[in-house]
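Secondary and tertiary structure notes
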Number of protein chains: 4
Amino acid sequence: MAGSKLPVAVVGATGLAGQQFLAALGDHPWFDVVRIAASERSAGKKYGDAIRDAGQSRWFATDPLPARFEALTVENAAQMKTDGLAAIFTAVESEPARELEPRYAKDVPVFSTASAFRYEEDVPILLPAVNGEHWKMVDAQQKNRGWKGYIIPVPNCTTTGMVHTLKPLADAFGLKAVMMTSMQAVSGAGRSPGVLALDITDNVIPYISKEEEKVEKETKKILGLPDVKVSCTCTRVPVIEGHTEAVFASLGKPASVEDVKKAFRGFGAHMRELALPSSPAAWITVHEDPYRPQPRRDRDADGGMTTSVGRVREDSVLANGMKWVLVSHNTKMGAAKGAILAAELMKVKGRLG
Amino acid sequence: MAGSKLPVAVVGATGLAGQQFLAALGDHPWFDVVRIAASERSAGKKYGDAIRDAGQSRWFATDPLPARFEALTVENAAQMKTDGLAAIFTAVESEPARELEPRYAKDVPVFSTASAFRYEEDVPILLPAVNGEHWKMVDAQQKNRGWKGYIIPVPNCTTTGMVHTLKPLADAFGLKAVMMTSMQAVSGAGRSPGVLALDITDNVIPYISKEEEKVEKETKKILGLPDVKVSCTCTRVPVIEGHTEAVFASLGKPASVEDVKKAFRGFGAHMRELALPSSPAAWITVHEDPYRPQPRRDRDADGGMTTSVGRVREDSVLANGMKWVLVSHNTKMGAAKGAILAAELMKVKGRLG
Amino acid sequence: MAGSKLPVAVVGATGLAGQQFLAALGDHPWFDVVRIAASERSAGKKYGDAIRDAGQSRWFATDPLPARFEALTVENAAQMKTDGLAAIFTAVESEPARELEPRYAKDVPVFSTASAFRYEEDVPILLPAVNGEHWKMVDAQQKNRGWKGYIIPVPNCTTTGMVHTLKPLADAFGLKAVMMTSMQAVSGAGRSPGVLALDITDNVIPYISKEEEKVEKETKKILGLPDVKVSCTCTRVPVIEGHTEAVFASLGKPASVEDVKKAFRGFGAHMRELALPSSPAAWITVHEDPYRPQPRRDRDADGGMTTSVGRVREDSVLANGMKWVLVSHNTKMGAAKGAILAAELMKVKGRLG
Amino acid sequence: MAGSKLPVAVVGATGLAGQQFLAALGDHPWFDVVRIAASERSAGKKYGDAIRDAGQSRWFATDPLPARFEALTVENAAQMKTDGLAAIFTAVESEPARELEPRYAKDVPVFSTASAFRYEEDVPILLPAVNGEHWKMVDAQQKNRGWKGYIIPVPNCTTTGMVHTLKPLADAFGLKAVMMTSMQAVSGAGRSPGVLALDITDNVIPYISKEEEKVEKETKKILGLPDVKVSCTCTRVPVIEGHTEAVFASLGKPASVEDVKKAFRGFGAHMRELALPSSPAAWITVHEDPYRPQPRRDRDADGGMTTSVGRVREDSVLANGMKWVLVSHNTKMGAAKGAILAAELMKVKGRLG
């Protein structure tokens, strides 16, 4: 029953990422959305009205809006009270996040898709299967900042898929360097301004502002490998959802293609006993069909929480080089559902609710 | 006047690459298409009828069909006579090429988009601006095989753009290794079977059969650098024409971003005195706008003969690492017009006509 | 339990429509696929192998292949025995259908997506919610042809959505004429040859061979209104699945927009008591949001069995003119699942199994 | 020489339609752009800087920016002086047009792509080949309003193609009614907000705000046939440029398909003697290939000024019914170049310069 669930809020609820939070939390076994906030413009409206504009529905998530959220009144995020909340999920731009999140975190744990605090020393960028133990950084964070809550951001959506595949290899063989070219979906740019059909139809855009720097910095921090070298080229392609990444890695010692596939397939076993509701059955799926993974066919694997890998083969340039292609759902595991997964971990660790 | 031009034939003229030959040769100052050949199915028809099917035009090139080719009678490629021809342009699959091209080459120079003979020792894969001096391999070829003509293939369309950017760097700084991820246009797959909209819409296909092996082998041969290491991942994206490639290179010695741009911009100066009709004004254009090059906006630069480069920056993984993105027109410089350029070089060298 | 279900066969099982049959029948409460057939080329192989080609999966349906079908041995459709089968679902081209279906129908009911027999006088084109009573035509069919079974085809996928919206209006207000422009998905063309990305990307193709004639003829027959005038223009657009149709209709008497919406919304009530497993909860959904229906957002409504309607408004040209836009899933309700629905009706009517 | 050309200004020059004006006026034989204006935000910058943002070129027209415009200083449209100008081309939204255009028109002829004044009684919506004689309405306009200049808007881009095909039929056979379904390109929505790839990829959007009303009203006014009935459904499809329209018309008397094609082909003969620089060689091209016209292949016919027609056939619903499909370039003939053509007509009529 909803009554026994932990009450949570979703901030930035009218945007695309905020909608993904609501879609994912409609049936969540542990969390119950009791408060919804957005910018002043939407405040005071019923959520159902806030996402309607001149008769047009502005619900853009693929999954439907859980009916009971339509009647919730949208609060002004700048003034939202935190009392009675067990957690707050934020899906706002970096600038407002810098103001809102610390205010919330004084009292309540905040799980964020924004980059505002990702690079601060006492803030973990948390991917439960990859660096689950980083949750402990919140102790220092609370102490440093005098907060009762804390801020836990998820990584940039392009980092997420890649580090899921790097982690098992780093553990098994060591990792020296990684080079990656991404082919990213348009949903990653959201809706304002988003990517115009006029720009991306029949086209590739070879640059996404600040993306490469984020991926390079976050990969080192999440893996806890400050010396690993990371170099990437991030591009946008005419795909709706699901980031595709061509990865080339230099391992710490020789490994065969079969060794690598085995490491991929075994990844995430340690997550099973935690039984987090949003965990996929398989954290990584390895395709033998050389034409896979494909974003359209594989992005929704296991609710968009599985990283799909294929084309695992040796690379002839790097020392102990190995290369593969991956697909990861950028607005599910790579954003809202990833943040929910992080909250689930914190609950299991006794640090939420 | 057409009368003073060199008479040439186009074989495989009904296919997509063959159409590109005809589109490009309509106004050629040196060559005049006097003979058109295709498979038995089209033989005996007027070309204009051969590319019409139940009232539907099957002329698929973007540029129009030069009107006078409509009335030429299509010959059966397997029986086409070579007398009176100065050159033959072939645009057929690898298997028929293996039979047809040697038969033609007994008497006449053959310029081919097929891969059939690319990897034979006495056959140059000729890109005039990159390895123009390789034309001399035809001496050995003629001697070995007792031919009066010869076979000169152009590279795979994915190799072409990349080696144009590697050559000036190899010359200026040396080249140790190159890693590349391609985002290739659907026109590269032709029309039979071609790429189905059902497969590529809202999607990326992470594999193109045999493509990576071709690029790796051809790059070494064209650059004349058998020891350079090449590793790539070739993918297909929803783009009509124009291949985009994210390249990471390890140079032989340190070079700054400005050094590299300067090398790119200076490339092809030696071609000017040859005054080949199909030469672009700029062999490489370097964009400072980080959002360029884009296939839709840049593929047709200078008639599809320019390689457009952007996002030149340092790579942190490779020794003396440098990375960039390029766009090259896969069916113009990368196929038919590239073969015409090769024929132009041979004419200037006195080996054609 | 599968044991108590009716044993059925799927013929043409390796093609796109055949795959849709298998995807839909994996969990069917009444039917159990016990036999799979295809052309000679696939015969003798396990189904899982038959749809794999050089390591590539050729399972193209969006829904997954039910695992147990992988191990079924594919039979040669031309020699498949019909003993022990309660029904046969065929998904083959018109030409083979003309030979195979009568042979099967001697003994067993055949439900077909092919057009081969649609226009014969004793053959119903069956849409259970629209012309359910037409099933009785099989009596004459069996008598005329001396068959124990019968052939029941479903309509062309473009007809299906339109007649679902015309039927309630014809019943409530009469129907004099209908004009329609379709914007059809590429999946309607299947995979051989299918629609090339090279042709449809950034494009509209204004013609689909024989489509308009089919829609015009089938609409009259299904509605049982030989005098209704039908005129349409069928086009192909860059959409993967889901046909969009802009319909203009001349009703038999005046009706307001609200009258028409009410008729749409009430449609299909008579189907409830039949409790066919593949029936949608709502046969027609009427959108008030003027930006709906959209094929990507609405095609999968209720398993692809609902016809989504929007933009209902008066037309100023036709007598008692009304216009609307509809979206219907062309390979679900418009093909395989529509044929399964027809079989379900026949079972309820006591004419199957 | 530019010195002998008529000096003109382009207002709204940074937007997509404004860019189309500049692209088209770079080499114009009669007009010379001497002044460029935009909103306050761009005022004072060189045009080349105004369309650059953080290093990114925001020149989005397909044709290149004529180099000499880069150095022109952008003026504030609200304060631009009109002295010395022979004409002003405006490409602004309807709301600013309502203020700016009358201010300019006090002194100088204004040719506008905005809808602000289209529906006023003394304002012609001018398509030179269709209603060239409407130019005379500017006499009343000048008298009514006390202006030395005047305002001449072009139609909505969706109206333009359709009335070009209706006019020859109305003249030859009479016209009673027209029904049309459009499949419109995304460029019609401009860039702010424009159409998001997230919305239109793999999709059709069945509504464009206010479009249908505009088409219906403008068609009657331009053809000078207030009693003709017009009904349409306007949709957006994943096409970059070029509107496709499926038209059904009721003619005033019987006409065969050949009669109609002949009327189409003969259209525009009266324009030849005017020798307007922007006139196409053929105002209407009739395709016999049933797969034409297609927006990607036909939009740029004769510089985007030709209306391409195909699939001409009888319609069985309307009295003397005829149907066809057309493609018209929405941002060339349908916007900037159409306005330039109107200005050319006014010059020939002695009312400009």
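Treat the numbers as computed from the prediction; the structure is a model and nothing was measured.

We now examine the overall build of chain A. Looking only at helices and strands, chain A has 11 helices and 14 strands in total. The C-alpha radius of gyration of chain A comes to 20 Å, within 12% of the 20 Å expected for a compact globule of 353 residues. A fraction of 75% describes how many contacts in chain A between residues 6 or more apart in sequence connect residues 24 or more apart.

This paragraph deals with the nonpolar core. Formed by 484 residues in total, the largest nonpolar core has its most connected members in V11 of chain A, V11 and A87 of chain B, V11 of chain C together with V11 of chain D. The contacts of A87 of chain B, once residues within four sequence positions are left out, are L6, V8, F31, V108, P109, F111, A343 and L352 of chain B.

With that settled, consider the relation of the copies chain B and chain A. Each copy superposes on the other: chain B lies on chain A with an RMSD of 0.0 Å after a rotation of 180 degrees and an axial shift of 0.0 Å. The transformation relating the two chain copies, once decomposed into turn and shift, fits a two-fold axis. Looking at chain B, 100% of its interface residues are interface residues in chain A too, so the copies touch through the same face.

Below, the discussion takes up the interface of chain B and chain D. Listed per partner, the contact involves nine residues of chain B and nine residues of chain D. Grouping the constituent residues of the side of chain B that touches chain D by class yields two nonpolar, four polar and three charged.

Residue and element names in this part refer to chain A. Here we have six strands laid out as an open sheet, ordered β5-β2-β1-β6-β7-β8, and parallel in their pairing. Edge positions in the open sheet fall to β5 (74–76) and β8 (151–153), since each of these has one partner strand only. Within the sheet, the average angular offset between the axes of one strand and its neighbour, ignoring direction, is 30 degrees. Bridge count between strand β7 (residues 110–112) and β8: three bridges; the pairing is parallel. Paired with V110 across the strands is I151, a residue of β8.

This brings us to the domain arrangement of chain A. Residues and elements named next belong to chain A. Examined at the domain level, chain A breaks down into domain 1 (2–154 + 336–348) and domain 2 (157–328). Opposite the 22 residues of domain 1 that make contact, domain 2 presents 22 residues. If one sorts the elements of the side of domain 1 that touches domain 2 by residue count, helix α11 (residues 336–348) sits on top with seven residues. A per-class count over the side of domain 1 that touches domain 2 returns 14 nonpolar, five polar and three charged.

Now for the interface of chain B and chain A. With 34 residues of chain B in contact, the opposing surface of chain A contributes 34 residues. Of the residues that constitute the side of chain B that touches chain A, the class distribution is 19 nonpolar, nine polar and six charged.

Next up on the list: the packing of helix α6 (residues 157–173) of chain B against helix α8 (residues 211–223) of chain B. Residues and elements named next belong to chain B. Remark: α6 packs on α8, axes separated minimally by 10 Å, with the N-to-C direction vectors making an angle of 35 degrees. The way α6 lies across α8 gives a crossing that is right-handed. Across from T158, T159, M162, V163, L166, K167 and A170 in α6, the residues of α8 making contact are E211, K214, V215, E218, T219, I222 and L223.

All names here are of chain D. Taking 1.5 Å as the rise per residue, helix α6 (residues 157–173) with 17 residues should run 24 Å; its terminal C-alpha atoms sit 25 Å apart, in good agreement. Taking the largest bend as the criterion, α6 deviates by roughly 30 degrees, centred on V163. For α6, the tally of buried residues reaches 14 of 17 residues, placing the bulk of the element in the interior.

Residues at a pLDDT of 70 or more form 99% of chain A, whose mean pLDDT is 96. In the model output, the complex is listed with pTM 0.96 alongside ipTM 0.96.

Residue and element names in this part refer to chain B. Between its first and last C-alpha, α8 extends 18 Å over 13 residues, near the 18 Å set by a 1.5 Å rise per residue. Those residues of α8 that are buried lie in contact with α4 (128–131), α6, β9 (175–184) and β10 (229–236). One or two steps after α8, the chain reaches G224, where phi turns positive at roughly 65 degrees.

It is worth spelling out the sheet that holds strand β2 (residues 31–38) of chain C at this point. All names here are of chain C. Taken together, the six strands give an open sheet; going across it, the order is β5-β2-β1-β6-β7-β8, and neighbouring strands pair in parallel fashion. Each end of this open sheet is capped by a strand with a single partner; those strands are β5 (74–76) and β8 (151–153). Here the average twist between neighbouring strands, direction ignored, is 30 degrees. As judged from the three bridges shared by β2 and β5, these two strands associate in the parallel manner. When the sheet's bridge partners are listed, I36 is paired in β5 with V74. Packed on one face of the sheet, helix α3 (residues 94–105) meets β1 (6–11), β6 (87–90), β7 (110–112) and β8 and runs near 155 degrees to β7.

Let's shift gears to the relation of the copies chain B and chain D. When chain B is brought onto chain D, the operation consists of a screw motion whose angular component is 180 degrees and whose axial shift is 0.0 Å, with 0.0 Å RMSD remaining. When the interface residues of chain B are mapped onto chain D, 100% of them again fall at the interface, so both copies present the same face.

Turning our eyes to something else, we now look at the packing of helix α1 (residues 16–25) of chain B against helix α11 (residues 336–348) of chain B. To characterise two packed helices, one gives the angle between the axes of the helices and the distance between these axes. Residues and elements named next belong to chain B. Running from amino to carboxyl end, α1 crosses α11 at an angle of 55 degrees, the nearest separation of the two axes being 8 Å. When the axis of α1 is compared with that of α11, the two are oblique. For the element pair α1 and α11, the recorded crossing hand is right-handed. Here A17, Q20, F21, A24 and L25 of α1 come into contact with α11, specifically with A336, K337 and I340. For the contact of α1 with α11, the class distribution of residues is six nonpolar, one polar and one charged.

Further remarks concern unusual backbone geometry. Across the junction of S192 of chain A and P193 of chain A, the peptide omega takes the value 5 degrees, indicating a cis bond. The topology assignment puts P193 of chain A in the loop between β9 (175–184) and α7 (197–200). Residues R292 of chain D and P293 of chain D are joined by a peptide bond in cis, for which omega reads 0 degrees. Residue placement: P293 of chain D occurs in the loop between β12 (284–286) and α10 (295–298). One non-glycine residue, D302 of chain D, adopts positive backbone phi at about 50 degrees. Along the chain, D302 of chain D falls in the loop between α10 and β13 (307–314).

Thresholds, definitions, all that
Residues numbered from 1 in each chain as written. Chains lettered and ligands numbered in written order. Predicted model: local features only at pLDDT ≥ 70, side-chain atom pairs only at ≥ 80, totals over all residues. Helix = DSSP H or I, 4+ residues; strand = E, 2+ residues; numbered from the N terminus. Rg over C-alpha atoms; globule rule 2.2 N^0.38 Å. Contact = placed C-beta atoms within 7 Å. Core = buried A, V, L, I, M, F, W, Y, C linked by C-beta atoms within 7 Å. Buried ≥ 20, exposed ≤ 12 C-beta atoms within 10 Å, placed from the backbone. Least-squares fit on C-alpha atoms with pLDDT ≥ 70 in both. Nonpolar A, V, L, I, M, F, W, Y, C, P; charged D, E, K, R; others polar. Pairing = 2+ DSSP bridges. Axes fitted to C-alpha atoms, helices over the stretch in contact; angles between N-to-C directions. Domains from an automatic or database assignment. Left-handed = near helix turned anticlockwise from the far one by under 90°. Expected span 1.5 Å × (residues − 1). Bend = angle between axes of the 7 residues up to and from the residue. pLDDT = per-residue confidence, 0-100. Parallel < 35°, antiparallel > 145°, perpendicular 65-115°, else oblique.

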